[in-house]
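# Per-entry structural report
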Amino acid sequence: QVQLVESGGGLVQAGGSLSLSCAISGRGFNTYIMGWFRQAPGKQRELVAQVTIGSSTDYADSVKGRFTISRDNAKNTVYLQMNSLKPADTAVYYCAAARAGMGPTDYEYWGQGTQVTVSS
């Protein structure tokens, strides 16, 4: 059984930084494409960043140059470093895993989410 547990959310002022972590249990972490999604109140969930098995990365335009996704296969963990945060980044952030494909609907396993709040 695959389980994902996020940590690292919180409250930060605009311009500040936060780092999120997602630990995945179960076998095969290094075979999953890993992604971070977010959902703000009243808005649809959006894909923020994703990292392939070979550590190629892809970002939403809204976070390019500010967020960095990375993975540590030895620790079964994926990270999201968020810099220069804006109030518009306020959302619940979810970690997710996909066995194949990089589209939002390809993600099969989800964490419980962690709240990120950016004050102005």
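Conventions adopted
Residues numbered from 1 in each chain as written. Predicted model: local features only at pLDDT ≥ 70, side-chain atom pairs only at ≥ 80, totals over all residues. Heavy atoms only, no water. Disulfide = S-S within 2.5 Å. Helix = DSSP H or I, 4+ residues; strand = E, 2+ residues; numbered from the N terminus. Buried < 20%, exposed > 50% of the residue type's maximum accessible area, 1.4 Å probe, protein only. Pairing = 2+ DSSP bridges. Axes fitted to C-alpha atoms, helices over the stretch in contact; angles between N-to-C directions. Contact = heavy atoms within 4.5 Å. Phe/Tyr/Trp six-rings, centres within 6.5 Å; stacked < 30°, edge-to-face > 60°. Lys NZ or Arg CZ within 6 Å of the ring centre and 35° of its normal.

The next thing to look at is the state of the cysteines. Taken as a whole, this structure holds 1 disulfide when the rule is applied. There is a disulfide in this structure between C22 and C95, and the S-S distance comes to 2.1 Å. Given an S-S torsion of about -80 degrees, the disulfide between C22 and C95 has left-handed geometry. Placement of the pair is C22 in strand 3 (residues 18–25) and C95 in strand 9 (residues 91–98), with a sequence separation of 73 residues. Taken as a pair, C22 and C95 share a single burial class, namely buried.

Overall, antiparallel pairing links the 4 strands, which are arranged 1-3-8-7 in an open sheet. With partners counted over all chains shown, the strands left at the sheet margins are strand 1 (3–7) and strand 7 (67–72), one partner each. Between one strand axis and the next, the sheet turns through 15 degrees on average, direction left out of account. The pairing of strand 1 with strand 3 spans 5 bridges and is antiparallel.

Once that is clear, we can look at the environment of K86. With respect to the helices, strands and loops of the structure, K86 is situated in the loop between strand 8 (77–82) and strand 9. Its relative accessible area of 42% is what places K86 among the partly exposed residues. When near neighbours in sequence (up to four residues on either side) are disregarded, K86 contacts R66 and V118.

The next thing to look at is the packing of aromatic side chains. Under the definition given, this model contains 4 aromatic pairs. Each ring, one from Y32 and one from Y109, has its centre 5.8 Å from the other, and the planes form 70 degrees; the classification is edge-to-face. On the criterion of sequence distance, the pair formed by Y32 in the loop between strand 3 and strand 4 (33–39) and Y109 in strand 10 (residues 109–110) is long-range, its members being 77 residues apart. Residues F37 and Y107 carry aromatic rings whose centres are separated by 5.0 Å and whose planes lie at 80 degrees to one another, so their mutual orientation is edge-to-face. Of this pair, F37 sits in strand 4 while Y107 sits in the loop between strand 9 and strand 10, placing them 70 residues apart in sequence. Given the relative accessible area of 2%, F37 is considered buried. Classification of Y107 as buried rests on a relative accessible area of 5%. Clustering of aromatic rings is evident, with ring pairs tying together F37, Y107 and W110. Directly above the ring of F37 sits R45, whose terminal nitrogen or CZ lies 5.9 Å from the centroid.

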